[in-house]
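For reference, the chains in residue letters:
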Amino acid sequence: DSFIQWQFRKLHKLGFLEFGKRPSIYSEKDQQMCADHERAEGEGVLPQEYTLIKLKLLETKSELLTKLTAEGKTVILPAATLRPETMYGQTNCFVLPDADYGVFEMANKEIWVCSEHSMRNLSFQDKTPQFGQSARIGTVKGLELIGSAIKAPLATYDKVYVWPMLSISMSKGTGIVTSVPSDAPDDYAVLHELKKKKPFREKFGLTDEQVLPFEPVPIIKTAKYDTLAAVKAFEAFKIQSMNEHEKLKAAKEDVYLDGFYSGVMTVGEFARKKVADAKPLIKAKLIAANEGDVYYEPESKCVSRSGDVCVVALCDQWYITYGTDQVREKL
């Protein structure tokens with residue numbers, strides 16, 4: 001024990017070790033971090049970092065959310081994304097019509113509408129009034145949210161609407177999916193379907209004014225597709241429907257790889273910057289303006305040996321700030 005203490009003190013003094021909050025796989029039941037050897041399922045699974053896009057609710061048919069906005073509350077639909085640089089191209093956001101969405105009060109007094117899965121993680125990430133607990137106000141169905149007007153940060157459109165998407169997983173992300181049909185084939189497929197089929201719009205109570213005016217916005221220029229990559233990939237892969245999952249998956253992989261490695265921003269203050277360089281700058285811009293936040297969840301399902309489905313928590317711990325080769329060289 002004395003030797004270990006000596007090592008930690010020496011490495012800390014040299015600047016190779018720090019102590020503070022870090023995202024970690026955590027077992028609520030065991031009330032501690034859950035390392036690989038303590039897991040029944042999910043060995044090697046790490047925290048996945050997302051950027052939360054704070055979509056501000058403007059108008060809705062939900063009685064509960066209308067009441068909260070009338071009381072002066074800021075109601076947010078937080079959408080988790082791995083691509084904050086594409087937010088200039090938002091045309092709408094998606095929800096799962098049949099899903100139950102929780103309505104929660106956060107530590108900053110905002111009201112967030114999202115999945116139970118995401119709120120469980122968020123409650124361990126200093127976002128709720130009490131660590132590990134959520135302040136639930138009520139529940140709304142996805143169907144109640146469809147047709148709501150929202151303000152999407154960085155979007156070209158001043159106001160966009162909530163649309164249905166039937167393939168959303170409520171056990172991944174927040175259950176709120178922001179839509180960029182210019183560079184996401186899945187998003188373009190739903191937009192294409194809603195525009196083409198009036199009965200599909202009417203089924204979910206969407207008016208023509210809430211769908212038809214919205215077109216994909218060119219935001220990134222790539223080597224293969226130039227701009228509007230998702231639209232051109234949709235045609236190149238001969239996709240006819242949003243139910244052609246294998247084709248959409250292939251198109252998505254093609255578009256995302258091309259966009260990340262060869263893409264250049266064409267809009268906003270970071271225009272002409274490579275996508276890879278602009279991404280962290282745009283993320284920082286959103287967070288600084290309180291239009292975004294950071295969210296973590298396990299990369300995939302992770303279960304402790306005690307049978308608890310793990311979350312990602314911000315835990316106080318020692319962590320290495322440099323690589324081991326640099327430590328050896330300095331020592």
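Residues numbered from 1 in each chain as written. Predicted model: local features only at pLDDT ≥ 70, side-chain atom pairs only at ≥ 80, totals over all residues. Heavy atoms only, no water.

Caption draft 1: Inspection of helix α5 (residues 185–196) at higher detail. For α5, which comprises twelve residues, the first-to-last C-alpha distance of 16 Å matches the rise-based estimate of 16 Å (1.5 Å per residue) to within 8%. Taken together, the buried positions of α5 are occupied by Pro185, Asp187, Tyr188, Ala189, Val190, Leu191, Glu193 and Leu194. Looking at the buried side of α5, the elements it contacts are β6 (92–95), β11 (160–164), β12 (177–179), α6 (198–203), α7 (229–236) and α8 (245–262). (Helix = DSSP H or I, 4+ residues; strand = E, 2+ residues; numbered from the N terminus. Expected span 1.5 Å × (residues − 1). Buried < 20%, exposed > 50% of the residue type's maximum accessible area, 1.4 Å probe, protein only. Contact = heavy atoms within 4.5 Å.)

Caption draft 2: Structural view of the packing of aromatic side chains. As enumerated under the stated definition, the model contains 14 aromatic pairs in all. Summarising the aromatic geometry, the rings of Phe124 and Phe131 are spaced 5.2 Å apart at their centres and angled 90° between planes, so their arrangement reads as edge-to-face. Cation over ring: Arg83 sits above Tyr256, and NZ or CZ is 4.6 Å from the ring centre. (Phe/Tyr/Trp six-rings, centres within 6.5 Å; stacked < 30°, edge-to-face > 60°. Lys NZ or Arg CZ within 6 Å of the ring centre and 35° of its normal.)

Caption draft 3: Looking closely at the state of the cysteines. For the structure shown, the criterion picks out zero disulfides. Cys34 supplies the cysteine sulfur nearest to Cys310, a cysteine that is in no disulfide, at a spacing of 3.9 Å. The class of Cys310 is buried, set by a relative accessible area of 5%. (Disulfide = S-S within 2.5 Å.)

Caption draft 4: Just the side chain of Gln125, in detail. Locating Gln125 in the fold gives a position in the loop between α3 (116–122) and β9 (135–141). At 3.3 Å, the side chain of Gln125 and the backbone oxygen of Asn121 are in polar contact. Not counting residues up to four positions away in its chain, the partners in contact with Gln125 are Val294, Tyr295, Tyr296, Val312 and Leu314. (Polar contact = N/O pair within 3.5 Å; in protein donor to acceptor, adjacent residues only side chain to side chain.)

Caption draft 5: Focus on the nonpolar core. With 64 residues, the main nonpolar core has Leu55, Leu65, Tyr101, Val113 and Trp163 as its most contacted residues. Residues within four places of Val113 in sequence aside, it is in contact with Leu65, Val75, Ile76, Leu77, Pro78, Tyr101, Gly102, Val103, Val140, Leu145 and Ile176. Of all hydrophobic cores here, the second largest spans eleven residues; its members include Leu52, Ile76, Phe104 and Met119. (Core = buried A, V, L, I, M, F, W, Y, C linked by side-chain atoms within 4.5 Å.)

Caption draft 6: Up close: the side chain of Thr51. Looking at the secondary structure, you find Thr51 in strand β4 (residues 47–59). Given a relative accessible area of 4%, Thr51 falls into the buried group. Among residues more than four places away in sequence, those in contact with Thr51 are Ala79, Ala80, Thr81, Pro84, Lys283 and Asp293.

Caption draft 7: Examining the packing of α5 against α8 more closely. Contact geometry of α5 with α8 gives a least axis separation of 8 Å together with a crossing angle of 125°. One finds that α5 runs oblique with respect to α8. Residues Pro185, Asp186 and Ala189 of α5 form the contact with α8, whose participating residues are Leu248, Ala251, Lys252, Val255 and Tyr256. Partitioning the contact of α5 with α8 into residue classes produces six nonpolar, no polar and two charged. (Axes fitted to C-alpha atoms, helices over the stretch in contact; angles between N-to-C directions. Parallel < 35°, antiparallel > 145°, perpendicular 65-115°, else oblique. Nonpolar A, V, L, I, M, F, W, Y, C, P; charged D, E, K, R; others polar.)

Caption draft 8: Highlighting the layout of surface pockets. By volume, the largest pocket is sized at about 1000 Å³. Considering the residues around the largest pocket, the lining is formed by 34 residues, among which Val177, Asp186, Asp187, Lys252 and Tyr256 are closest to the centre. Put simply, the parts of the chain that give the lining of the largest pocket at least two residues each are β5 (75–81), β12, α5 and α8. A breakdown of the residues in the lining of the largest pocket according to their chemical character gives 17 nonpolar, ten polar and seven charged. (1 Å grid on protein atoms, 1.4 Å probe; cavity = no way out; pocket = protein on both sides within 12 Å on 5 of 7 lines; lining within 4 Å. Points joined across faces, edges and corners; volume = space filled by probe spheres on them.)

Caption draft 9: Structural detail: the pattern of salt bridges. Taken as a whole, this structure holds 23 salt bridges when the rule is applied. With its nearest N and O atoms 4.0 Å apart, the salt bridge here joins Lys21 to Asp316. Of this pair, Lys21 sits in strand β1 (residues 17–27) while Asp316 sits in strand β17 (residues 311–320); the two residues are 295 residues apart in sequence, bridging distant segments of the chain. Judged by its relative accessible area of 46%, Lys21 is partly exposed. The network of salt bridges with common partners includes Lys198, Arg201, Glu202 and Asp208. (Salt bridge = Lys/Arg side-chain N within 4 Å of Asp/Glu carboxyl O.)

Caption draft 10: Here's a closer look at a nonpolar patch on the surface. On the surface, a cluster of nonpolar side chains totalling about 640 Å² of accessible area is made up of Phe3, Ile4, Trp6, Phe8, Phe19 and Trp318. Among the elements that line the nonpolar patch, the one with the most residues is helix α1 (residues 2–13), at four residues. By secondary structure assignment, the location of Trp318 is in strand β17. Looking at Trp318, the relative accessible area reads 38%, which means it is partly exposed. (Patch = residues over 30% accessible without salt bridge, like charges linked within 9 Å, V, L, I, M, F, W, Y side chains within 5 Å. Areas by Shrake-Rupley, 256 points an atom, 1.4 Å probe, with all protein chains shown as cover.)

Caption draft 11: How the structure looks around the environment of Val190. Within the secondary structure, Val190 is located in helix α5. The contacts of Val190, once residues within four sequence positions are left out, are Phe94, Pro164, Met165 and Met242.

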